[in-house]
Amino acid sequence: MNKKKIQEEYLNKIELLKKYNKFYFSKSKPLVLDSKYDELKKEILLLEEKFKFLDSPQSPSKVIGHKPSKNFKKDTHRVPMLSLGNIFSEEDLNNFQKKIFNFLSVERDPNLLFSAEPKIDGISASLTYKNGIFFKGLSRGDGREGEDITANLETIKDIPKKILSKDFPIDIDIRGEVFIQNKDFQDIKEKFANPRNAASGSLRQKNSEDTKKIPLKFIAYTYGYEKGLAVKNQFDFLKKLSKWGFKTNPLNRLIAGVKNLIDNYNEIEKKRADLDFDIDGIVYKINDFALQKRLGYVANAPRWAIAHKFSSNKAVSKIIDIDIQIGRTGALTPVAKIKPINIGGVLVSNATLHNEDEIIRKDIRIGDMVTLERAGDVIPHILSVDIKKRSLKSKKFVFPQNCPSCGSKTIKEFNKVTKKVDAVRRCSSEGYYCNKISIEKLKHFVSKEAFNIDGLGKKIVEEFCRLKLIKFPQDIFKLNYQKIEKLEGWGRLSVENLKYSVNQKKNISLERFIFALGIRHIGLENAKLLSKYFISFLNFKNLSKNKNFNDLLNIDGIGETQVSSIKVFFENEINIKVLNELEKVLVIKDATTNQNDGLLKDKSFLVTGKLKGISRAEVKSLIEENSGNTVSSVSKKLNYLIVGEKPTKRKVENAKALKVKVITENEFLKMLNKTG
Ligand code: IVH
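Residues numbered from 1 in each chain as written. Predicted model: local features only at pLDDT ≥ 70, side-chain atom pairs only at ≥ 80, totals over all residues. Heavy atoms only, no water.

Draft legend 1. Looking closely at the overall build of the protein. Scanning the protein from N- to C-terminus turns up 24 helices and 26 strands. Projecting the C-alpha coordinates of the protein onto the three principal axes gives extents of approximately 90 × 70 × 60 Å. Counting the 676 residues in the protein, one finds 47% classified as buried. The contacts in the protein between residues at least 6 apart in sequence include a share of 67% that link residues at least 24 apart. With the model as given, the accessible surface of the protein reaches about 36100 Å², and the carbon-plus-sulfur share is 51%. The positive charge centre, built from 124 side chains, and the negative charge centre, built from 84, are 1 Å apart in the protein. (Helix = DSSP H or I, 4+ residues; strand = E, 2+ residues; numbered from the N terminus. Buried < 20%, exposed > 50% of the residue type's maximum accessible area, 1.4 Å probe, protein only. Contact = heavy atoms within 4.5 Å. Areas by Shrake-Rupley, 256 points an atom, 1.4 Å probe, with all protein chains shown as cover. Lys, Arg positive; Asp, Glu negative; His and termini not counted. Charge placed at Lys NZ, Arg CZ, Asp CG, Glu CD.)

Encoded structure:
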C-alpha cells in the first residue's frame, strides 16, 4: 500500500472515532458497542505502530478523555482532576507498596495505613463551595477543563447546597462520583447501555428539569482546591465529609498490610452482586496527607493511590446454540451462542466452551441458563449451569464425530509426552483438504510474523477462499488480479497495491518461511532454531527425502513433540507439493551468521546444562561480542561444547564422538581472559 493511502485510511479512522466520541461523551448516546469502539481505537494505534510516519494531534494515543460538550460552558479546574493507575493482582499491589517504600526511602512498614474505598463506576464531578454555599459544579471533562453542569448537579438530593458547620473550609472543591442505582436503572434501561451511560446522559441533559426526573446519587471521596481544610488524613476527611452532610461509601475501610487489603478486596467482590450500584474495583489511598504530598504524581496519576480493579464481570444468560469452530491445526472448538447480555459495558453474545471434555464435565446444553464471566479482553466463558432452570425436554449435547466442514472423522490424539489422550478433538483430514482448516492456514501464512502481506488481512483471505481464488499458499503469488479488480470494494488502485505488497514479499527469510507453514508446535522461536540449523531452504526440504528427523533432537530447544509434528508435516504429500510450488515462486534467503574480528573469531559454541555464575543469555552475548557464534546443535561444525550441571547426555556423547572440544564454564571464561 502506498503512503498516501495508508495516511488516508488512518485519518478516516480517526474521524470516525471522533464521531463516536462525540455521541458517547457529549450526547451520551453511544453509536456503537463499546467493543466496536475499542476495536477502532486499537486499529488506529496498531497503524501508528506499524507505520511510524503516521501522526495526528487527534490520535487516541495523544488525546486523554474528551473535550467538554458545546452544550455547556467550559471552565478550568483549579486543581486538575487526575486519573488513577490500575492494578489487577496481589503481586501488583505488593509492587505498588514496594515502590512507595523505595520512593520514601524507608524500610517496609507493615503498619502503613491505606484508605480502601470501593470504586463506583459512575461519572466524577467537582463541586466548589464558597463560604459553605454550593457555588459551581464541573464535570471531569479532559481533567484540566470540565463542563459547567451546576444546574444539573443542583437537582441531586445527595449534594448539600448549604453547609453551616464551623469546620467546613471557606473555599473548597469537593469531588466524588455521580451514579445511578441499579434499581432506578431498570426503569430507563431501554435508553442506555449501562448505568454509567445513564448517569452520564442524565447529567448532560440540556434542561435540568430532565435531569431531575432521574434519581441520580452522589458519593464524595476527595477534594481538589482547598483553603482552610484542617484535616491530616484521608479517613478523617471521609468522616468529616459525612459530618458535613455528604454521603460517603459505607464500605470504606482503613487498612494496613497487603494481606488485609486483599481480604477486604475479596470480601467486597463477593458482596458486589448484592450492592445496588456498580463498582469496578477498590481504590487504595495512602491515608496520611503529608505522605501523599511527598509522594506526589507521575504523569497523570498520583503515586499515592491506585485502583485495584475487579478482574472479571459476571452475568446470567441463555445458550441459544452451540457452534463448532475449526482452527488452523484442525482443533474443533465449541462456542456457545448466548442471548446477548451486557457484561461490564460490553455486549456479550459468544462464550468459549474450550473443548468436548469441558462440555461433558459441566454438562452444558443448548437452552441452559448459565453464569458467564468476562475477564479483560479474552472471550467470556461459562462458570456454571443453573440446572434448576433446565427444561425437562433438554438433551445432552453430542459433540460431532465428523468435521462439520469437510466431513472427515474427528479424533482425539494420544499425547506421547503427557501419556494422556488429548482433550481437544481434531479433524483428521490432510490439512488443506478441509476448507475451514485451509482458510485458517492461509490466514496464518499471511499474518504479521509470517509473510506479513499488507492489504491481505483475515477478512480478505476469507473472501478470496470463498470465491475459490486461493486454497493453497502458492495461490497467493498467482492471484487473478483481473478478477479481483471486478469484485465489490476493489478498484484499480487497491489491486495495484495488493499486487505490489504480494510481489514484495516474494523475498523471505528462511525463519519466517518455516513459521508461515504453520507446522503444529513450531512457533516463531522454534522456526528460528530450525532455520539456523538448516541454513538453506533446500536442506529443510530435503527432510522429506533423507527423513533425518531424529537429528533434530540435537537442536537445543527442539523436543520430541516438535519433531513428531515436523514428521507429520513431511509425511503429508500435499505439504510437499506446497513446498515445491512455493520454491518456484519465492526467493527464500539462507540463514546467515555474523562474523568479524575478535577473540573467538570463527569459533562456534553450544551450551548444555545449567551454568553457575553466568546466564545463558550472557554467554551468548559474550560469544557474539567476541566474533564467535552460537549454534543450536552438535555437529562437525561445532568447535566447543560448554558443559554445565546436568547436561544433555546425548549432546556430550555426540560431541565426543565428533571430536568436538568439551569445555567447562571456567575454561570458556579463560578463553576470554575473564578468570585467572
Ligand atoms: S480518587 C487522583 N476515590 O475513579 C485521585 N476516585 O480513575 C482521583 N473513583 O476519575 C480519584 N471512586 O471517577 C477516587 N473513592 C474514589 C473513587 C474514585 C471512584 C473514580 C473517579 C476517578 C476514577 C479514577
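Draft legend 2. Region of the structure containing the site of the ligand. The environment of the ligand is formed by Leu-84, Glu-117, Lys-119, Ile-120, Ser-124, Glu-177, Tyr-221, Val-283, Lys-285 and Pro-302. With respect to the ligand, the side chain of Ser-124 contributes an N or O atom lying 3.5 Å from an oxygen atom. In this structure, Glu-177 approaches the ligand through a side-chain N or O atom, which is 2.8 Å from an oxygen atom. Elements with a contribution of two residues or more to the shell around the ligand: β3 (113–120) and β10 (279–286). Top contributing element to the shell around the ligand by residue count: β3, with three residues. (Near = heavy atom within 4 Å. Polar contact = N/O pair within 3.5 Å; in protein donor to acceptor, adjacent residues only side chain to side chain.)

Draft legend 3. Main features of the sheet that holds strand β8 (residues 216–227). As summarised here, the arrangement of the four strands in space is β5-β4-β7-β8, forming an open sheet in which the pairing is antiparallel. Pairing within the sheet leaves two strands with one partner each, and these edge strands are β5 (133–139) and β8. Pairs of neighbouring strands in the sheet enclose a mean axial angle of 30 degrees, with direction left out of account. As paired elements, strand β4 (residues 123–130) and strand β7 (residues 171–180) share eight bridges and run antiparallel to each other. Residue pairing for β7: Ala-125 is matched across the bridge by Gly-176. On top of the sheet, helix α8 (residues 234–243) reaches β7 and β8; it is set at about 120 degrees to β8, its chief contact. (Pairing = 2+ DSSP bridges. Axes fitted to C-alpha atoms, helices over the stretch in contact; angles between N-to-C directions.)

Draft legend 4. How the structure looks around the sheet that holds strand β23 (residues 604–608). In spatial order, the strands read β24-β23-β25-β26; together these four strands make up an open sheet with parallel pairing. A single partner strand is all that each edge strand has here, and the edge strands are β24 (629–630) and β26 (661–664). When strand β25 (residues 640–643) meets β26, the two strands line up parallel, connected through four bridges. Residue pairing in the sheet places Val-643 in a bridge with Thr-664 of β26. Packing of helix α23 (residues 649–657) onto the sheet brings it into contact with β23, β25 and β26, and relative to β25 it is tilted by some 145 degrees.

Draft legend 5. Here's a closer look at the pattern of salt bridges. In total, this model carries 37 salt bridges according to the counting rule given. Measuring nitrogen to oxygen at the nearest pair gives 2.8 Å for the salt bridge that ties Arg-78 to Asp-173. Here the residue Arg-78 occupies a position in the loop between β1 (74–76) and β2 (86–87), and Asp-173 occupies one in strand β7, the gap between them amounting to 95 residues. Judged by its relative accessible area of 2%, Asp-173 is buried. Residue Lys-541 pairs with Glu-583 through a salt bridge whose shortest N-O separation is 2.9 Å. Of the two residues, Lys-541 sits in helix α18 (residues 537–541) while Glu-583 sits in helix α21 (residues 573–585), which places them 42 residues apart along the sequence. You can call Glu-583 partly exposed: its relative accessible area is 30%. Through salt bridges that share partners, Asp-363, Arg-365, Asp-368, Arg-390 and Lys-396 make up one connected network. (Salt bridge = Lys/Arg side-chain N within 4 Å of Asp/Glu carboxyl O.)

Draft legend 6. Structural context of α23. Listed as buried for α23 are Lys-651, Val-652 and Ala-655. The buried residues of α23 all sit within an arc of 100 degrees when viewed along its axis, so they share a single face. Seen from the open side of α23, the exposed residues pointing more than 90 degrees away from its buried face are Lys-649, Glu-653 and Ala-657. Buried residues belonging to α23 abut β23, β25 and β26. One or two positions beyond α23, positive phi appears at Lys-659, with a value near 60 degrees. (Arc of directions from axis to C-beta.)

Draft legend 7. Representation of α8 in the model. Taken together, the buried positions of α8 are Gln-234, Phe-235, Phe-237, Leu-238 and Leu-241. In an axial view of α8, the angular spread of the buried residues amounts to 155 degrees, which keeps them on one side of the axis. With respect to the buried face of α8, the exposed residues turned more than 90 degrees away are Lys-239 and Lys-243. Lining the buried residues of α8 we find β3, β7, β8, β9 (253–256), β10 and α10 (289–295).

Draft legend 8. View of the nonpolar core. Of all hydrophobic cores here, the largest spans 53 residues; its most connected members are Phe-464, Ile-476, Ile-484, Phe-513 and Phe-540. Looking at which element gives the most residues to this core, the answer is helix α16 (residues 510–516), with five residues. Leaving out residues up to four positions away in the same chain, Phe-513 has contacts with Phe-451, Ile-508, Phe-537, Phe-540, Leu-579, Leu-582, Leu-586 and Ile-588. (Core = buried A, V, L, I, M, F, W, Y, C linked by side-chain atoms within 4.5 Å.)

Draft legend 9. Representation of the packing of aromatic side chains within the structure. The tally for this structure, following the rule as stated, stands at 25 aromatic pairs. Residues Tyr-129 and Phe-134 carry aromatic rings whose centres are separated by 5.6 Å and whose planes lie at 40 degrees to one another, so their mutual orientation is tilted. Tyr-129 gets classed as buried once you look at its relative accessible area, which sits at 0%. Residue Phe-134 is classed as buried on the basis of its relative accessible area of 7%. Each ring, one from Tyr-223 and one from Phe-289, has its centre 5.7 Å from the other, and the planes form 75 degrees; the classification is edge-to-face. (Phe/Tyr/Trp six-rings, centres within 6.5 Å; stacked < 30°, edge-to-face > 60°.)

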